[in-house]
There are 2 protein chains.
Amino acid sequence: MSVPRVKRLAVIGAGLIGSSLARAVREKHLAETLVVADRDPAVRRRVMELGFADEVPATAAEAARDADMVIACVPVGASRAIAAEVGPELKPGAILSDVGSVKGAVLEAMAPHVPAHAHLVPAHPVAGTEFSGPDAGFASLFENRWCIVTPPEGADPEAVEKLATLWRGMGANVEFMSAQHHDLVLAITSHVPHLIAYNIVGTAAELEETLASEVIKFSAGGFRDFTRIASSDPTMWRDVFLYNRDAVLEMLGRFTEDLTALQRAIRYGDGDTLFAHFTRTRAIRRSIIEQGQETAAPDFGRRAAEKPKHEQS
Amino acid sequence: MSVPRVKRLAVIGAGLIGSSLARAVREKHLAETLVVADRDPAVRRRVMELGFADEVPATAAEAARDADMVIACVPVGASRAIAAEVGPELKPGAILSDVGSVKGAVLEAMAPHVPAHAHLVPAHPVAGTEFSGPDAGFASLFENRWCIVTPPEGADPEAVEKLATLWRGMGANVEFMSAQHHDLVLAITSHVPHLIAYNIVGTAAELEETLASEVIKFSAGGFRDFTRIASSDPTMWRDVFLYNRDAVLEMLGRFTEDLTALQRAIRYGDGDTLFAHFTRTRAIRRSIIEQGQETAAPDFGRRAAEKPKHEQS
């Protein structure tokens, strides 16, 4: 189908998500003019070399000027500063959005800086890889991935629909929910799993010399996948945990209680408890497969890989 | 290269590993006669239908009679019973081995039942999938995967080499270490990661109704990969934790201490601690890639999938 194009789209930040968004918009012709701003001169040079933007200004303010839609693709902790810089530039009817993994804090940080004549519509594409920077992006990153849009109370339906249309144009499946609910769901589906991965890799890093080298050698036993997510962008994830603190602490509390129970079962040789638990967890897996949410290769919210042969029937 | 064939090879248990082993042996012509025993009549019928065995007896004793090599492919908790049944049947020079994920407890359980004229050489192929049963197996499961052989003190070098040769014949890379050291290494590279995955999926299963359904829907954020390992065979994993208790509790203790520190950093907004930790964990990932232990797709010790496009340079 042909998608209504955004006249002037400004992307702030040319990291993995920003550069993927720009590539997708360019490839699918979703904007007449695509502006990609980045404060880092080296990144701007690279963006010009890669050639997926019409204009590559240094500041968010410059990018936002006359833009119909501005999407901040920066770590959650930078949302306030970006909104403060962009706000005064927003023209009547302009839409300000973002791609942060936390939505409640972003809404709080950005809302005060958005003039009444413009629209704030935060969103979160549930997609990514463990790589960072303008070279890590690719146009198909959002295909068949969820993009959760979290409009504030009383948001303009037309503005919300414009943003949703852009994401659908990039191949994403759009879902709407409140920022608070988003943060709770993502805490358990993404934030806590990432924290746990970062943690176990850290634990291994502290091991005695000889052991540590073998942990790397035999990492295929399961550990290797944790090292994959534990190599995700530190700044982005630091901000996720700082800004989604309450939901993460809540879910982490439940996780720890449950882990303590399993630990106790192991210590006292309670095989029945372990067996019962390991059996129950199979049901969740089945639901995911039934809902078609599964891709053959685990990808920690990253791009799906090819189906391994032994699963092809 | 042509591999010296085992005259009569007996595989006890036709689950994922046993049936994969049998398929590999058959495909690579590594045995003159391949005997696959299983106490479950339904499994025996299926093995005959699949046709990867020359003989399909009901008991381990029957399978071990006149065998030159017997490999127990059963949950770790069943090793003692299998050894007790097989021991008296072992002919002079025969080799008894296994594929258990725990080696210290297996050595202890099996050794007393092996006659002086036979050889006990435990081993652990670090490979698998979350699927179970004779239909889940495939001949290439062990290709380019590690097989850790843990010979007891004073084991016969010739017997050890014979087993190693069989595994190399199936495409595995053989490594030797003590049972105790194996159990410590696997506790952190495989056992604790699996326990954590089982645990977080269990935590999600307990969530409020509405939340639980969305956890499944948005599982791509990272959670989905945990559900994958959390659907592994409950009996096998119950036994792993019961029989590698000390090493698992030791590593779990370190994991929990570290997680508590991260939790505290989140609670008090200590971004520097989080950032420093998330940066340090990147080094381990690099070492794994440098050592060529990485396959593009995370597979939790499972088979490698195709390299996703965005990683092909």
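Quantities reported herein were computed from a predicted structural model and do not represent experimental measurements.

Engineer: Honestly, the overall build of chain A in this entry has me stumped. Any pointers?
Structural biologist: Helices and strands together make up the secondary structure of chain A, namely 12 helices and 8 strands. Its C-alpha atoms give chain A a radius of gyration of 21 Å, within 12% of the compact-globule value 20 Å for 313 residues. With respect to the principal axes defined by its C-alpha atoms, chain A has extents near 65 × 40 × 40 Å. Across the 313 residues in chain A, those meeting the buried criterion constitute 61%. Here the contacts in chain A between residues at least 6 apart in sequence split such that 74% fall between residues at least 24 apart. As presented, chain A carries roughly 11,800 Å² of accessible surface, and 50% of it is formed by carbon and sulfur atoms. A gap of 3 Å separates the mean positions of the 33 positive and 41 negative side-chain charges of chain A.

Engineer: Mind showing me how you'd approach the interface of chain B and chain A here?
Structural biologist: In this assembly, 105 residues from chain B lie in contact with 105 residues from chain A. Together, the buried faces of chain B and chain A total about 10,300 Å²; carbon and sulfur atoms form 68% of this surface. Among the residues of chain B in contact with chain A, B:F218, B:R224 and B:F278 are the three that bury the most area, contributing 7% of the side total. Two residues, B:E206 and A:R280, come together in a salt bridge whose shortest N-O distance is 3.7 Å. For the pair chain B and chain A, the interface holds 20 residue pairs in polar contact (both at pLDDT 80 or more).

Engineer: Could you clarify how one ought to interpret the sheet that holds strand β4 (residues 95–98) of chain B in this entry?
Structural biologist: Strand pairs in the sheet, formed through backbone hydrogen bonds, run parallel or antiparallel to each other. Residues and elements named next belong to chain B. Reading across from one edge, β2-β1-β3-β4-β5 is the order of the 5 strands in this open sheet, with parallel pairing throughout. Every other strand in the sheet has two partners, leaving β2 (31–37) and β5 (119–120) as the edge strands with one partner each. Pairing geometry for strand β3 (residues 69–72) and β4, over 4 bridges, is parallel. Residue pairing in the sheet places V70 in a bridge with L96 of β4. Of the strands in this sheet, β1 (6–12), β3, β4 and β5 are in contact with helix α6 (residues 157–169), which crosses β3 at around 65 degrees.

Engineer: Any chance you could explain the domain arrangement of chain A here in plain terms?
Structural biologist: The accessible area lost on association of the parts is a frequent measure of interface size. All names here are of chain A. One can read the domain layout of chain A as domain 1 (6–177) and domain 2 (181–311). Computed over C-alpha atoms, the centres of domain 1 and domain 2 are 29 Å apart. At the junction of the two partners, domain 1 supplies 23 residues and domain 2 supplies 20 residues. Our count for the contact surface shared by domain 1 and domain 2 stands at 1 salt bridge.

Engineer: How should the relation of the copies chain B and chain A be read in this particular structure?
Structural biologist: Each copy of the chain is related to the other by a rotation around an axis and a translation along that axis. Take chain B, turn it by 180 degrees, move it 0.0 Å along the axis, and it overlays chain A with an RMSD of 0.0 Å. The relationship between the two copies is best expressed as a two-fold rotation axis. Of all interface residues in chain B, 100% are interface residues in chain A too; the two copies therefore contact each other through one and the same surface.

Engineer: Sorry if this is basic, but what is going on with the pairing of β2(B) here?
Structural biologist: Each regular strand carries side chains that alternate between the two faces of the sheet. Residues and elements named next belong to chain B. Most of β2 is tucked away, with 5 of its 7 residues classed as buried. Where β1 and β2 come together, 6 bridges link them in parallel fashion. When the sheet's bridge partners are listed, V11 is paired in β2 with V36. Each parallel crossover has a hand, and for β1 linked through helix α1 (residues 16–27) to β2 it is right-handed.

Reading guide: rules and limits
Residues numbered from 1 in each chain as written. Chains lettered and ligands numbered in written order. Predicted model: local features only at pLDDT ≥ 70, side-chain atom pairs only at ≥ 80, totals over all residues. Heavy atoms only, no water. Helix = DSSP H or I, 4+ residues; strand = E, 2+ residues; numbered from the N terminus. Rg over C-alpha atoms; globule rule 2.2 N^0.38 Å. Buried < 20%, exposed > 50% of the residue type's maximum accessible area, 1.4 Å probe, protein only. Contact = heavy atoms within 4.5 Å. Areas by Shrake-Rupley, 256 points an atom, 1.4 Å probe, with all protein chains shown as cover. Lys, Arg positive; Asp, Glu negative; His and termini not counted. Charge placed at Lys NZ, Arg CZ, Asp CG, Glu CD. Buried area = accessible area lost by both parts, 1.4 Å probe. Salt bridge = Lys/Arg side-chain N within 4 Å of Asp/Glu carboxyl O. Polar contact = N/O pair within 3.5 Å; in protein donor to acceptor, adjacent residues only side chain to side chain. Pairing = 2+ DSSP bridges. Axes fitted to C-alpha atoms, helices over the stretch in contact; angles between N-to-C directions. Domains from an automatic or database assignment. Least-squares fit on C-alpha atoms with pLDDT ≥ 70 in both. Right-handed = clockwise from strand over helix to strand, strands pointing away.

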